[in-house]
Structure formats: C-alpha cells, structure tokens
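Inside the fold
One-letter residues, chain by chain:
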Amino acid sequence: MAVAGALFLAAVVLAAAGAPALSPYRYDRQDLLVTYGAPTRSHLIGTDGLGRDVLSRLMYGARVSMSVGLTATLLVLAVGVPVGLAAGYFGGTFDLLLMRFVDIVYAIPYLLLVVLLQTFFTAVLPTIRHGPLVWLHALNHGTNGIAAIVMALSLVGWLDVARVVRGQALALRHREFVQAARSLGAVDRHIMGAHLLPNVAAPIIVMATLLIPNFIIAEAGLSFIGLGVQPPMPSWGTMIAEGIDSIESYPRLVIAPALVLAATLLSLNFVGDGLRDALDPVMER
Amino acid sequence: MGAYLVRRLLLAIPTMATVYTVAFLLVHATPGGPWDNAEKPLAPQVIENLRVKYHLNEPLWAQYILYLRDAVHGSLGPSYVNTARDVSEIIADFFPVSIQLGLVAMAFAVVLGIPLGTLAAVYRNTPVDYLSMGIVVTGISIPNYVVATILVTVLAVVLHWLPTGGWGGVLDVRVIIPAVAIGLRPATTLARYLRASLLEVLGQDYIRTARAKGLARRAVILRHALRNALIPIATVSGILVADVVTGSFFVETVTRVPGIGRYFVTATTGRDYPVLLALALLFSVVIITMNIVVDLSYAVLDPQVRYG
C-alpha cells in the first residue's frame, strides 16, 4: 500500500512541478466552442463550463495543493520545533505561557479560526502598499493568494508542532545522555541542537506526513468556500465547488477533482503509515 | 459533583472571553465589508450613514463593550447583508436544521463505528480487522465534502436512488447523503478508539474469569468487555461534536441543506463579518458545553471516577 501510495504521489508531484511544461493547455485557456466538452483526444478529461481543459486545471491544482502543503509544513516545523524544544528543555514561565496559549487556541474550532484568519489576510494583504511588509503584498499577488493561505494555516498549525515537540523534549531532558553532555560543559544550544533534535527527529518526520494532508484538506476547503486561491488559478477545492452547480448534468466535472484529491490524501496516509512503521521499531503490530 | 460543575463553568468564562476578544479583533481588523463593491461603488454619504448605523465610527473599545453587552443579552447584532434581520434570528432559523442533521450523523457514526471497532478488536489481525481498519483510514483521510460529492454523484446522479440534495427533516430520504458524509469521520474515530480500548479490556483478568466459568464468548464480549471498553469512548465523543459541527460547513453546501453551515459559507463569501463573529462565538459555546457534558457523563458511566 505504501509503495502504491508513493508511486501515485510521485506522479502528482511530477504533474505539479511540471504543470507549465507538461499540461496540454494553460489553466485559463478557454475554448468556447467546446464548453462542457466530453473527453476527446484533444481534451483527455473533457472541458469545463468555460471550455477550459480539465486535465490541465487538475495539474495546476496539484501545484497549488502541493505548494501549500509543503510550504506550510516547512514553515510550521521551522517555528514549532525550536519553540517546542526550548519550552520543553527550559520549562518555566515561557513553557507555561506557551501551554496557556495552546489551550486558548484549542477552544476555538480549528476551521473557524482559519477561516477568520484567511478572511483577514485576503482583505489586508492587498492593502499593504508601502512599508517594510510590502513584499508580502507582492508575494501574495504573485502566487494568486497562496501566500495568504499558507500564512493563515501556519499561524494556527505551529502550535500543534510546538506542543508535540515540547512533550518529547520534556521527556528527554533528564535522561543520562543530556546530563552527561551538560557535565562535560556543553551549552544549552548545543544540547538542544546536537542531542535533543536527533532524538525527536523520528516523531517530527511522522508528524510532518500527517501535517501535509491536513494542510491540503484545509486549502481545498478554503478554496471550496471561495476564500482560497484567486480565480482563474484552479485549486481542487475550487474545481469541486464549480462542478457542484452542474453535478446533475456533468458529474465528471466534480468527480474528477474529488477523486484526485481523495487519492492524493489516501496515498499520503499510506506513505505516512509506512514511514511510521519504518521509523518506530518499538511499536508492536 | 456540584462544586466540580461550578468550577468548570467558571473556567469556561476566561476561555469564552479570549475567544470573543480574538474573534472580535480579527473581524474588526479586517478592512471593508459587503458594501465595498468596486464595480458599483456606493455614495460616500451612504457608506458614512452605514458606518454610523453599525457604530463603526466609535472607538474600538466602545464597540467591544457595546457588542459584548448586546451578546450577553442575547442579541448578536444586525447582519451586514441581510440588514432587516438580527444575527440571532438568523441563527434561530438555520441552526435547528444543522442540529437535526448533526444528530442523524452522530446516530450513523455510532451505528457504524461501534460494530466496526468491536469486530476489529475481536477478530484482531485477521482479514476482518484489516478490512475495518481500511475503512477507518479511508474515512479519516478523505474530507467530508469529498465524500458527499462522491455519494451524490454515485447514489443520486448515476444510480438515481436518492435525490441530489435538499432538506425535509430527519425522516426524509434526503437526510441520508449529508448524514453519512458528516458521520463517516466520527464513525471511524469511534471505531479506532473502541478497537484500542476493547483490546485492552479483553486482556483483563475478569474476562478470563467470565470465560472460565463457562460464559459464551458472545455474552462475555457484549456484556462484560464492551460495557467497560465504551467508557473512554464517551470522552472521544466530545471531540466528535466539533467534527460534526464544523463538518456541516461544506457538506450542507454540497447537498443544499438550509443549515447554519451553508449560511456560514454564504456569509464568508458575502463578507458578512457580524455573522462570522457570531458563529465563532456560537460554535465555541457548543464545543465548551459538550466538553463539560462529556466529563460529567464520565462520572456517571464509571463509578471509579469521582469529582471532588
């Protein structure tokens, strides 16, 4: 299962990375003579209501899903891991404040918080015309709104990572090898980087395989309700939402992105499970 | 138990206050509103009048207090889009539909999840277990609106067994697709937790005793093991309520159910910020209440748990 998942994922990643070169058409190229076209040799999965090639849009959609999933995961790890390590290793007031903050954020339904943040970012980013943050406006514009999604998702997501890493660091900080390093004169930064980090690496990798599908789901959900990437840039979520209107006459327009999204998420889960089994020798079957 | 309840309710106050503050600040920091129409701009005087009507020219702290006072008295302010109506009235109209749908979804989750988890544990490491866990992985990885989309396409459009959407109450056939789509994820969560907890219980001494005194395997599993294994499931159901509540956002849109989730989606696209703020508060209240109810039910179900 993990191998099949990895193969499918490789295909999706290839399609995403190579979309500009590999896709038969541009995502916004309209062929008004064949709207709602059935699959033919020139349009392998047919065309949508505006005469755009569905296969090309799926490939560009993969680009959106993959870039959101990967950048948000990297960003969340980059912030969450050091913060969690420090909180678990040092403890004290910083740790206490972090955990209180986590408690509060968890009281707000996740999706709702993300929707509020996303509404905020999509409205605010285009209004930044000068000042030190003007690059964010350019970045968001250049990526058709992907930057705003990544920001909204990461802003909530890093807390989860910090919480898990903190728990691991807390369990490790009184172990002998940490004590030994300290008695040999290692500074805190060296202990965290060279001794704690390698020991929490395995759970972090497993967690990352769960974070990517979660971010992909969230991006598709936001795009589904019209808060995600800016049209005409396609996202699988947008394509599902657009297809719903004509589901009774042209079900393939909605089933194509739905199946691709479902298969991608399943594959990510299988690969994640495979990694977990490989990285966790103590887990019993 | 009474003292415990009071303590939990008191603890909920700072949590709610933070939720309110965060949601309020986010909503008010977001520029614009539904009347910022670039194609058909409103006259400046009209916008000014609208701002006065919604107290938007007053200082932020004054709006903060004003809204809080109204909210405590049960009024959640007017909707920006549906100007004739108060957000509270809108919630009273749309929320009951979502509650009914949620109850059916939960019932489906229990009916599917409990047998699935029991079978997986009893037939551990056999094809039955693998099949159940396969269903569980599928249910956990695929978001509910994709499930709803696939169900509508297959059951309604291709096979014509069910209508594609709409709402006619809990006894109408149109409830089936949204309820299954929303309930699938909670069902798989239930099954996963039940499998783990049942495996633990089945290894206990009293199960061996029950078997040794000659009780049938079936009776041991149903009457002795399942009863104890179900206790931790009560805690999980608290998390599941959050799933069901937020699950209705997308599924209601796909299956055209006139519930609060669908209204929420309309409100986000229409930039109706007061509705977003009100719903954030409403959903938090639901989740906090459910968590308290779950903790209390724990004490009722398990005589070993006592809250001082």
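Above this text sits the structure in question.
Here is a short report on the structure shown in this document.

Criteria and thresholds
- Residues numbered from 1 in each chain as written.
- Chains lettered and ligands numbered in written order.
- Predicted model: local features only at pLDDT ≥ 70, side-chain atom pairs only at ≥ 80, totals over all residues.
- Heavy atoms only, no water.
- Helix = DSSP H or I, 4+ residues; strand = E, 2+ residues; numbered from the N terminus.
- Buried < 20%, exposed > 50% of the residue type's maximum accessible area, 1.4 Å probe, protein only.
- Contact = heavy atoms within 4.5 Å.
- Lys, Arg positive; Asp, Glu negative; His and termini not counted.
- Charge placed at Lys NZ, Arg CZ, Asp CG, Glu CD.
- 1 Å grid on protein atoms, 1.4 Å probe; cavity = no way out; pocket = protein on both sides within 12 Å on 5 of 7 lines; lining within 4 Å.
- Points joined across faces, edges and corners; volume = space filled by probe spheres on them.
- Nonpolar A, V, L, I, M, F, W, Y, C, P; charged D, E, K, R; others polar.
- Buried area = accessible area lost by both parts, 1.4 Å probe.
- Salt bridge = Lys/Arg side-chain N within 4 Å of Asp/Glu carboxyl O.
- Polar contact = N/O pair within 3.5 Å; in protein donor to acceptor, adjacent residues only side chain to side chain.
- Patch = residues over 30% accessible without salt bridge, like charges linked within 9 Å, V, L, I, M, F, W, Y side chains within 5 Å.
- Areas by Shrake-Rupley, 256 points an atom, 1.4 Å probe, with all protein chains shown as cover.
- Axes fitted to C-alpha atoms, helices over the stretch in contact; angles between N-to-C directions.
- Parallel < 35°, antiparallel > 145°, perpendicular 65-115°, else oblique.
- Left-handed = near helix turned anticlockwise from the far one by under 90°.
- Core = buried A, V, L, I, M, F, W, Y, C linked by side-chain atoms within 4.5 Å.
- Expected span 1.5 Å × (residues − 1).
- Bend = angle between axes of the 7 residues up to and from the residue.

1. Describing the overall build of chain B
What chain B contains, in helices and strands, is twelve helices and zero strands. Mapped from its N terminus to its C terminus, chain B presents α and β elements in the order α-α-α-α-α-α-α-α-α-α-α-α. Dimensions along the principal axes, computed over C-alpha positions, put chain B at roughly 85 × 55 × 30 Å. Here chain B, with 308 residues, has 46% of them falling under the buried criterion. Contacts in chain B between residues far apart in sequence, at least 24 positions, make up 72% of those at least 6 positions apart. Between the centroid of the 23 positive side chains of chain B and the centroid of its 17 negative side chains there is a distance of 14 Å.

2. A short note on empty space enclosed by the protein
Under the definition given, this model contains one cavity of 30 Å³ or more. Here the largest cavity is characterised by a volume of approximately 30 Å³. Grouping the constituent residues of the lining of the largest cavity by class yields five nonpolar, two polar and no charged.

3. Section: the environment of Ile204 of chain A
All names here are of chain A. On the secondary structure map, Ile204 appears in helix H9 (residues 188–224). Separated by 40 residues in sequence, Ile204 and Val164 have C-alpha atoms that sit 8.5 Å apart. When sequence neighbours within four positions are dropped, the list of residues in contact with Ile204 reads Leu77, Val81 and Val165.

4. A word on the interface of chain B and chain A
Each partner contributes to the interface: chain B provides 44 residues, whereas chain A provides 39 residues. Of the roughly 3,500 Å² buried at the junction of chain B and chain A (both faces included), carbon and sulfur atoms supply 83%. Per-residue buried area on chain B facing chain A is highest for Leu26, Tyr145 and Phe250 of chain B; these three make up 16% of the total on that side. Along the contact surface separating chain B from chain A lie zero salt bridges. The interface formed by chain B and chain A holds two residue pairs in polar contact (both at pLDDT 80 or more) in total. Looking at the side of chain B that touches chain A, the elements with two or more residues in it are helix H1 (2–29), helix H5 (127–141), helix H6 (144–158), helix H10 (231–254), helix H11 (260–269) and helix H12 (273–301) of chain B. For the side of chain B that touches chain A, the leading source of residues is H1 of chain B, giving eight residues. Considering only residue class, the side of chain B that touches chain A consists of 27 nonpolar, 14 polar and three charged.

5. Describing a nonpolar patch on the surface
All names here are of chain B. Among the surface-exposed residues, Val154, Val158, Leu159 and Trp161 lie close enough to one another that they form a single nonpolar patch of about 420 Å² accessible area. Looking at the element boundaries, Leu159 is found in the loop between H6 and helix H7 (176–202). Its relative accessible area of 38% is what places Leu159 among the partly exposed residues.

6. Describing the packing of helix H5 (residues 110–124) of chain A against helix H7 (residues 146–172) of chain A
Residues and elements named next belong to chain A. Relative orientation of the contacting elements H5 and H7 amounts to 140°, with a least axis distance of 9 Å. In terms of orientation, H5 lies oblique with respect to H7. Where H5 crosses over H7, the two elements pack in a sense that is right-handed. Across from Tyr110, Leu113, Val114, Leu117, Gln118, Phe121 and Thr122 in H5, the residues of H7 making contact are Ala148, Ile149, Met151, Ala152, Leu153, Leu155 and Val156.

7. Re the packing of helix H8 (residues 205–212) of chain B against helix H9 (residues 217–229) of chain B
Residue and element names in this part refer to chain B. Orientation of H8 relative to H9, taken along the N-to-C sense of each, is 155°, at an axis distance of 10 Å. In this view, H8 runs roughly antiparallel relative to H9, as classed from their interaxial angle. The interaxial crossing formed by H8 with H9 has right-handed handedness. Contacts between H8 and H9 involve Tyr206, Ile207, Ala210 and Arg211 on the former and, on the latter, Arg217, Val220, His224, Ala225 and Asn228.

8. Let's talk about the nonpolar core
By size, the foremost hydrophobic cluster in this structure holds 170 residues, and its most contacted members are Ile240 and Leu261 of chain A together with Ile91, Tyr145 and Phe283 of chain B. A per-element tally of this core places helix H3 (residues 54–90) of chain A first, with 17 residues. Setting aside its immediate chain neighbours within four residues, Tyr145 of chain B contacts Ile217, Ala220, Gly221, Phe224, Ile240 and Leu261 of chain A together with Phe250, Val251 and Val254 of chain B.

9. Some words on helix H4 (residues 87–122) of chain B
For H4 of chain B, spanning 36 residues, the distance from its first C-alpha to its last is 50 Å, which sits close to the expected 52 Å at 1.5 Å a residue. The largest bend in H4 of chain B is about 35°, located at Phe94 of chain B, with the proline Pro96 of chain B one to four residues further on.

10. Some thoughts on the environment of Arg174 of chain B
Residues and elements named next belong to chain B. Checked against the element boundaries, Arg174 lands in the loop between H6 and H7. Owing to a relative accessible area of 29%, Arg174 belongs among the partly exposed residues under this scheme. Taking the C-alpha atoms as reference, Arg174 lies 8.7 Å from Thr255; in sequence the two are 81 residues apart. Not counting the four nearest positions on each side in its chain, Arg174 is found in contact with Pro163, Gly165, Gly166, Trp167 and Gly168. At 3.5 Å, the side chain of Arg174 forms a polar contact with the backbone oxygen of Trp167.

11. Overview of the pattern of salt bridges
Residues and elements named next belong to chain A. Summed over the entire model, instances satisfying the criterion amount to six salt bridges over all chains. Arg163 serves as the salt-bridge partner of Asp160, at 3.5 Å between the closest nitrogen and oxygen. Of this pair, Asp160 and Arg163 both sit in helix H7, three residues apart, roughly one helical turn. A residue is classified by how much of its surface remains accessible, and Arg163, at 36% relative accessible area, is partly exposed.

12. Considerations on H11 of chain B
Residues and elements named next belong to chain B. Extensive coverage of H11 is indicated by the burial of seven of its ten residues. Along H11, the residues classified as buried are Ile260, Gly261, Tyr263, Phe264, Val265, Ala267 and Thr268. Backbone geometry just after H11 places Arg271 at a positive phi near 55°.

Interpretation note: all reported values are geometric properties and have no functional meaning in isolation.
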